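# Structure assessment
The lines below spell out each chain.
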Amino acid sequence: MSDNLPAGVERRDFDGVDRLATRGEPVYGEPTDGEWRAWDPTRSKLGAMFELGMEGGFDGGDTVLYLGAASGTTVSHVADFAGPTYAVEFAPRPARDLLSAAESRPRLFPLLADARTPETYAHVVESDVDAIVQDVATRGQARVALENRRFLADDGRLLLAVKARSEDVTRDPADVFADVEAELEAAYEILERRRLEEYHTDHLGIVARPR
Amino acid sequence: MSENPDRGWFDDVDPDGLEGAREAIEEGRADAPADWPALAVEAGFAVDEDAYYDRLHEATTMAARETIREREAADDRQLVHAVRAMDDCERTANELAERLAEWAGTVDPDARTGVDYARELASRADVPPEERRLVSLADRVVGLADEAAALRAFVEERTPVVAPNLAALAGPVLAARLISLAGGLESLAKKPSGTVQVLGAEDALFAHLHGRAPSPKHGIIYVHDAVRGTHPENRGSAARALAGKLAIAARVDHYSGELKPELEAELDDRIATIQARTDSGGDTDE
């Protein structure tokens, strides 16, 4: 399983438990071991995707566009193992925590913008990023992925965590996921899909590449 | 900046002082991204890509920091924090008062419940040493209750400044609660009146959406006299009418800030009509 982990992410022993970890300044009170900090899959959808063995296609020093950075829990780990990382978050309150994660990470760039309107940050985020990580809890998550396709290199990867309840709380999550996947097919080829149920209720992890 | 597709955020920014960087990052637009690090090096903004990324980091963190500070200092944010703190203080004071009453019952035959009794207990002189902890706890309860009252006064004073129409229609505390539940005045202004009507009744609303319950008639606006003072049979209508006016008031407050006293008159008129249905025992249709 660990074969699929990106360079810079390792399984390490924290108090007898084998956990994912990256190297960097602690951000949210996570356990540390020297310069390694544990990556909690129950607090991070990307962490859960890696924990479940999904293949992100990272090969070290990748440029990443992270949509829905929130308080920076996950994006801080991404910046630890990847290269230049653009973190887009709309809400000012969580962005305050994101900012403190960015202060100790010279290649993490916080942007207060709405992931649904990429033209408001296309003058800052570079083209041909190696990966887009998306975790936005709004309606129209497939739309956001399609809109942001413009940033992704042709051989890049989209790592998407779909939250069923953000689309429609009353529908069966399986139906919501089917709709999201169908909409994604317009611009992406889905390589892998997995329910993240063990760690996050009603979430689907998707890895896709542009068509 | 949007006309030329090749203009990055750094084009008009001084590379050394990063003057104008925040404006460029926040106001700039581009339809498509480009290889900005390479273009910036080409344009002489940075000697190499590493130096570009250093400047980008400095500029983005600076812009984000200033924007966050500005938005957090905005008055409606302050109000939201104040009203939430007020509710927390009140709740905690009441909880501790219960605990205190239970304890006091074992030493004081005249023990009563509530904050008033805590106040009485805290003001006692000549406390025997074995009751000192009890009296000290009473003191904390009083402190929390006083803080809640001070916060309420703050909310009552600030809400009419932030949202004059909403405060006039709903009363300052209910207005602040609505802003808090919506997550800010702007979010409240963007909500349809049907949502305003059930703000604070999310559990009941989702139970209804899952098909397990009837639709809620009102959320937090229940505490408004227009709803509470109406016969239960017509509370749904009253809540709908009130929510409609509150939604309009929030929009006026957010987008124009002008005072519109006619809203209050219209609401009073409408509520009087609704309440007259039961007063006269007559027709109940809309």
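So, a few notes on the structure that sits alongside this text. Computed from a prediction, not measured in an experiment: that's the story for all the values here.

Quick look at the sheet that holds strand β7 (residues 108-112) of chain A now. Residues and elements named next belong to chain A. Ordered by their spatial adjacency, seven strands build an open sheet running β7-β6-β5-β8-β9-β11-β10, and the pairing between neighbours is mixed. Two strands in the sheet have a free side with no partner beyond their single neighbour: β7 and β10 (188-195). Neighbour-to-neighbour, the strand axes of the sheet open up by a mean angle of 15°, direction not taken into account. Of the strand pairs in this sheet, β10 and strand β11 (residues 203-210) are connected by seven bridges, and their pairing is antiparallel. Residue Glu189 lies in a different strand from β11, and its bridge partner there is Arg209. With respect to the sheet, helix α6 (residues 173-184) is in contact with β9 (152-163), β10 and β11, its orientation differing from that of β10 by roughly 160°.

The next thing to look at is the interface of chain B and chain A. The partner chain A presents 30 residues to the 32 residues of chain B that form the contact. Summed over both partners, the interface of chain B with chain A comes to about 2700 Å²; 62% of that surface belongs to carbon and sulfur atoms. Sorting the residues of chain B by area buried against chain A places B:Pro33, B:Tyr53 and B:His57 first, and these three jointly supply 21% of that buried surface. Between the two partners, chain B and chain A, sit three salt bridges. A salt bridge links A:Arg107 to B:Asp50, with the nearest nitrogen and oxygen atoms 3.2 Å apart. Connecting chain B to chain A are 15 residue pairs in polar contact (both at pLDDT 80 or more). Those elements that place two or more of their residues in the side of chain B that touches chain A are α1 (21-27), α2 (36-42), α3 (49-73) and α11 (202-209) of chain B. The dominant element in the side of chain B that touches chain A, judged by the number of residues it contributes, is α3(B), at 14 residues. Class assignment of the residues belonging to the side of chain B that touches chain A gives a composition of 16 nonpolar, seven polar and nine charged.

A few words now on the nonpolar core. Counting 54 residues, the largest nonpolar core has A:Leu184, B:Trp9 and B:Tyr52 as its most contacted members. A per-element tally of this core places α3(B) first, with six residues. Not counting chain neighbours up to four residues away, the residues in contact with B:Trp9 comprise A:His123, A:Val124, B:Ala21, B:Ala24, B:Ile25, B:Phe45, B:Tyr52, B:Arg55, B:Leu56 and B:Ala59. Ranked by size, the runner-up nonpolar core spans 41 residues in total, among them B:Leu174, B:Leu178, B:Ala226 and B:Leu242.

Conventions adopted
- Residues numbered from 1 in each chain as written.
- Chains lettered and ligands numbered in written order.
- Predicted model: local features only at pLDDT ≥ 70, side-chain atom pairs only at ≥ 80, totals over all residues.
- Heavy atoms only, no water.
- Pairing = 2+ DSSP bridges.
- Helix = DSSP H or I, 4+ residues; strand = E, 2+ residues; numbered from the N terminus.
- Axes fitted to C-alpha atoms, helices over the stretch in contact; angles between N-to-C directions.
- Contact = heavy atoms within 4.5 Å.
- Buried area = accessible area lost by both parts, 1.4 Å probe.
- Salt bridge = Lys/Arg side-chain N within 4 Å of Asp/Glu carboxyl O.
- Polar contact = N/O pair within 3.5 Å; in protein donor to acceptor, adjacent residues only side chain to side chain.
- Nonpolar A, V, L, I, M, F, W, Y, C, P; charged D, E, K, R; others polar.
- Core = buried A, V, L, I, M, F, W, Y, C linked by side-chain atoms within 4.5 Å.
- Buried < 20%, exposed > 50% of the residue type's maximum accessible area, 1.4 Å probe, protein only.

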